[in-house]
Amino acid sequence: MTSPITHNFIQQLTLTEKASLVSGKDFWFTAGIDRLNLEKIMMTDGPSGLRKQADSADALGLNQSVKAITFPASALTAASFDRQALTTLGKNLGEAAKNEGVSILLGPGINMKRSPLAGRNFEYFSEDPLVAGELGAAYVKGVQSQGVGVSVKHFAANNRENQRFTSSSNMSERALREIYLSAFERIVVNAHPATLMCSYNAINGTLNSQNFKLLTKILRDEWGFDGVVMSDWGAVADHVAALRSGLDLEMPGKGPQSTTEIVDAVKHGDLTEATLDIAVKRVLQMVHDWHVDSQPKTYDKAAQHEFARQLAANSMVLLKNNDQTLPLSSIKDVTILGELADKPRYQGGGSSHVNAYRITTPLEVAQVAGNTNYQAAYSLDAEEPDANQIAKAIATAKQATKVVIFAGVPEALESEGFDKTTMALPDNQNELIKQVAAVNPHTIVVLQNGSAIEMPWADDVAAILETYLAGEAVGEATWDVLTGAVNPSGKLAESFPLKLADNPTFGTFNASPLTETYHDDIFIGYRYYDLKQRAVRFPFGYGLSYTHFSYHNLTVTDHDQNVEVSYQITNDGHVAGREISQIYVANHASQVEMPIKELRDFAKTTLAAGETKTITRILPRRAFSWYNADTNNWQMDDGRYTILIGRSSRDLDLHQDITLAWNPQAMAPITNNTYIGTVMARPELRSALEATGIAKNFDALAGDDTNSEMMKNMPLRSAIMIGVNTEQLDAFLKLANQPQSDEVH
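Residues numbered from 1 in each chain as written. Predicted model: local features only at pLDDT ≥ 70, side-chain atom pairs only at ≥ 80, totals over all residues. Heavy atoms only, no water.

### What to know about the packing of aromatic side chains
Here's step 1: One pass over the full model with this rule turns up 17 aromatic pairs.
Here's step 2: Note on Phe81 and Phe540: the rings are 6.4 Å apart at their centroids and 70 degrees apart in plane angle, and the pair reads as edge-to-face. Residue Phe81 is found in the loop between α3 (74–77) and α4 (83–99), and its partner Phe540 is found in the loop between β19 (536–538) and β20 (549–558); the two are separated by 459 residues along the sequence.
Here's step 3: Since its relative accessible area comes to 0%, Phe540 is described here as buried. (Phe/Tyr/Trp six-rings, centres within 6.5 Å; stacked < 30°, edge-to-face > 60°. Helix = DSSP H or I, 4+ residues; strand = E, 2+ residues; numbered from the N terminus. Buried < 20%, exposed > 50% of the residue type's maximum accessible area, 1.4 Å probe, protein only.)

Pasting the structure below:
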């Protein structure tokens, strides 16, 4: 099709043709209409690599797919905190999709990491909506710059895998808006994605595919989204109800049944043809805007592999490094333990699984460098410790200068479609690390996992490197960091609690197959650990470097409706590095439950040894706002805020208070329920207090600290207990609420 969609074009379609367009065909395609030369377009999974099925497709999309670059999973790329890198990742994915004839890439996944047990955490960015929204927007812009559309998923509050088709995520409106919708809103408003993918679950009892409030009132009316809302594969329970609620495209479709049910609904008056036409137009517009040549073409996979290597290395998080154990001076001189060195866990399972172009394993890279000191030391197919394997590993470790243990979560324990039951590594790995660390003080642990894990041995090892699921270049990227070819600069986009029981969802996550009650409300991740003053293994935003950075010279400037924050960072070390500085806001003004602080911006800065740079960022009004469910609006309250800046959520060198007065000063009316303390705090009411004689009663108690404080915490109607009569109160209320005349000064 070569022209934009018009009303006249839609009117050329028969009712059956219209009905066919709002359902997918052959698992991965939209419907085509030959008589009008309307071509179909293809979509495929692709959060971390193209998963285009080469030949036959199947309902779960698990058949062999074309070879493509397996990029690092979002759990790792989020740790880069690097918007530019995510845009480049998107460009690479868009290039691959376009050259494989794919028009819509299904990703990124931006759901919140509410529980460390959620089986799909590896595919999501963060526990913080700002990080997910900013990096997700950068990814979307990169993909769509190549003429390929995206489908941002999973909309919304899809934060567990068990019973995901039917369970209801039950939460407050404030939690929904501030935490679970915020990242989607940021991407819709700033990156304009081609499509959003509606999730399986319900929210507060209403299935998302039939949720008019979610799909129409919020997404379209409030945020201005004008793209296509498609379903997750098999998420539609009632196609007619879904269309009425704002869903445009059912995927993958049910064959002729999907068309028939829509035709029948229109004929029987259950669905208006005007409503159907709206969905049809959106689908046609998507096909027009994002159609690519379906004939596959070659592209530079070797260059994409090299980018995958760089992205992985620049995202890895150095969690511990006692006595400068890292970087290693050579690969040759270390002992390597752990089957994951030979069979690395480098990607997620399910829809994220890519047919990798070229996998490089950590063991392979070490062997090329001349290292033959390797033992499997445990089996990925077992969980119980093998005494013989561990004994051999200990004997070798005693003789080694340094030991590198590769550990992590086997794929069988962490994938799409089910949730985990533990944060622990298999017992055989934990026992190996414990015993090796006891005989070699220079033990280094390299982790391969999809989300936060428990580390009972963390205090006993010399160094820990978190690589998450690093993609097909895992071998090269891991040694790039271990040897110092790359100075690590990643930081955690999720908190690592000491143990599962410390997490706010402990004991309630997956407790019911029917509902998931969000008792944690807005307090997920670091918001909870800060509020409860809980120790964590590693805090949100944490990560080390082979150099050191210092922070200084913070200035905070009120520009009315936004705040300018400026500060300096100096690289105090002897090697170049990159620092992720984080800007948090503590709200002392609002008289509602608030987190201790919330991330409101971040910046990644490259600094040569000894170099100082100034970073300037602008915080908008929204950075100081909370969602008021009573008024259905974002509310910014005048008063005191603190700007905090530093290395992590618990390492903030710089802080400065600022008092903001951005709202029109309309005083709340005085009533019998207004507290005496509120009245006394408003000097303009003093004359009314004196005129009615109430001032004498208040002043009589003002000198007594105990009685004064107790009196301030009483409503006006209770002032009769200190000698004020009802006539005085009535007279005072009349004077206090009368319009004030403008005075000329």
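### Topic: the packing of α4 against helix α12 (residues 301–313)
Here's step 1: Two numbers describe how α4 lies on α12: the axes approach to 11 Å, and their chain directions differ by 155 degrees. Comparing their axes, α12 and α4 come out roughly antiparallel. Seen from above, α4 lies across α12 with left-handed handedness. Together, Ala85, Thr88, Leu89, Asn92, Glu95 and Ala96 of α4 and Gln304, Phe307 and Leu311 of α12 make up the contact between the two elements.
Here's step 2: Its residues placed into classes, the contact of α4 with α12 shows five nonpolar, three polar and one charged. (Axes fitted to C-alpha atoms, helices over the stretch in contact; angles between N-to-C directions. Parallel < 35°, antiparallel > 145°, perpendicular 65-115°, else oblique. Left-handed = near helix turned anticlockwise from the far one by under 90°. Contact = heavy atoms within 4.5 Å. Nonpolar A, V, L, I, M, F, W, Y, C, P; charged D, E, K, R; others polar.)

### Topic: helix α14 (residues 387–399)
Here's step 1: With 13 residues, α14 should reach 18 Å at 1.5 Å per residue; the first-to-last C-alpha distance of 19 Å fits that figure.
Here's step 2: Taken as a whole, α14 has its buried residues at Ile390, Ala393, Ile394 and Ala397. Summarising the axial view, the buried residues of α14 lie within an arc of 105 degrees, below the 170-degree limit, and thus occupy one face. In α14, the exposed positions that point more than 90 degrees away from the buried face belong to Asn388, Lys392 and Gln399.
Here's step 3: Of the surrounding secondary structure, the elements contacted by the buried residues of α14 are β11 (334–337), β13 (374–375), β14 (402–408) and α15 (427–439).
Here's step 4: One side-chain oxygen at the N-terminal end of α14 lies 3.0 Å from the backbone nitrogen of Asn388; it belongs to Asp386. (Expected span 1.5 Å × (residues − 1). Arc of directions from axis to C-beta. Polar contact = N/O pair within 3.5 Å; in protein donor to acceptor, adjacent residues only side chain to side chain.)

### Side note on helix α7 (residues 182–191)
Here's step 1: Of all ten residues in α7, seven are buried, a share of seventy percent or more.
Here's step 2: When α7 is considered as a whole, its buried residues turn out to be Ser182, Ala183, Phe184, Glu185, Ile187, Val188 and Ala191.
Here's step 3: One or two residues past the end of α7 sits His192, with phi positive at roughly 50 degrees.

### Notes on the sheet that holds strand β7 (residues 202–203)
Here's step 1: An order of β8-β7-β5-β18 is seen for the four strands of this open sheet, with the pairing classed as mixed. Pairing within the sheet leaves two strands with one partner each, and these edge strands are β8 (206–207) and β18 (515–517).
Here's step 2: Bridge count between strand β5 (residues 168–170) and β7: two bridges; the pairing is parallel. The residue bridging Ser169 from the neighbouring strand is Ile203, located in β7. (Pairing = 2+ DSSP bridges.)

### What about unusual backbone geometry?
Here's step 1: With an omega of 5 degrees, the peptide bond between Gly107 and Pro108 qualifies as cis.
Here's step 2: By secondary structure assignment, the location of Pro108 is in the loop between β3 (104–106) and α5 (129–144).
Here's step 3: Residue Ala156 follows Phe155 across a cis peptide bond; omega there is 10 degrees.
Here's step 4: As for its placement among the helices and strands, Ala156 is situated in the loop between β4 (149–155) and β5.
Here's step 5: At Asp521, a residue that is not glycine, the phi angle is positive and equals roughly 55 degrees.
Here's step 6: Relative to the elements of secondary structure, Asp521 occurs in the loop between β18 and α17 (526–531).

### Brief notes about the nonpolar core
Here's step 1: Counting residues in hydrophobic clusters, the biggest one holds 121 residues, and the most contacted among them are Ile104, Phe155, Tyr180, Met230, Trp233, Leu276 and Leu284.
Here's step 2: When residues of this core are assigned to their parent elements, the largest contribution, nine residues, is made by α5.
Here's step 3: Among residues more than four places away in sequence, those in contact with Met230 are Met43, Ile104, Leu106, Ser151, Thr195, Leu196, Met197, Cys198, Leu247, Leu249 and Met251.
Here's step 4: Core analysis: the next-biggest nonpolar cluster, separate from the first, contains 69 residues, Ala118, Ala393, Ile453 and Leu492 among them. (Core = buried A, V, L, I, M, F, W, Y, C linked by side-chain atoms within 4.5 Å.)

### Re the pairing of strand β25 (residues 625–628)
Successive side chains on a regular strand alternate, one facing one side of the sheet and the next facing the other.
Here's step 1: Because side chains alternate across β25, one face comprises the buried residues Ser625 and Tyr627, and the other comprises Trp626 and Asn628, equally buried.
Here's step 2: With four bridges joining them, β25 and strand β26 (residues 633–636) adopt antiparallel strand pairing. Paired with Ser625 across the bridge in β26 is Met636.
Here's step 3: The loop that links β25 with its antiparallel partner β26 comprises four residues; one of these, Asn632, has a positive phi angle of about 55 degrees.

These results come straight from atomic positions and should not be treated as a statement about function.
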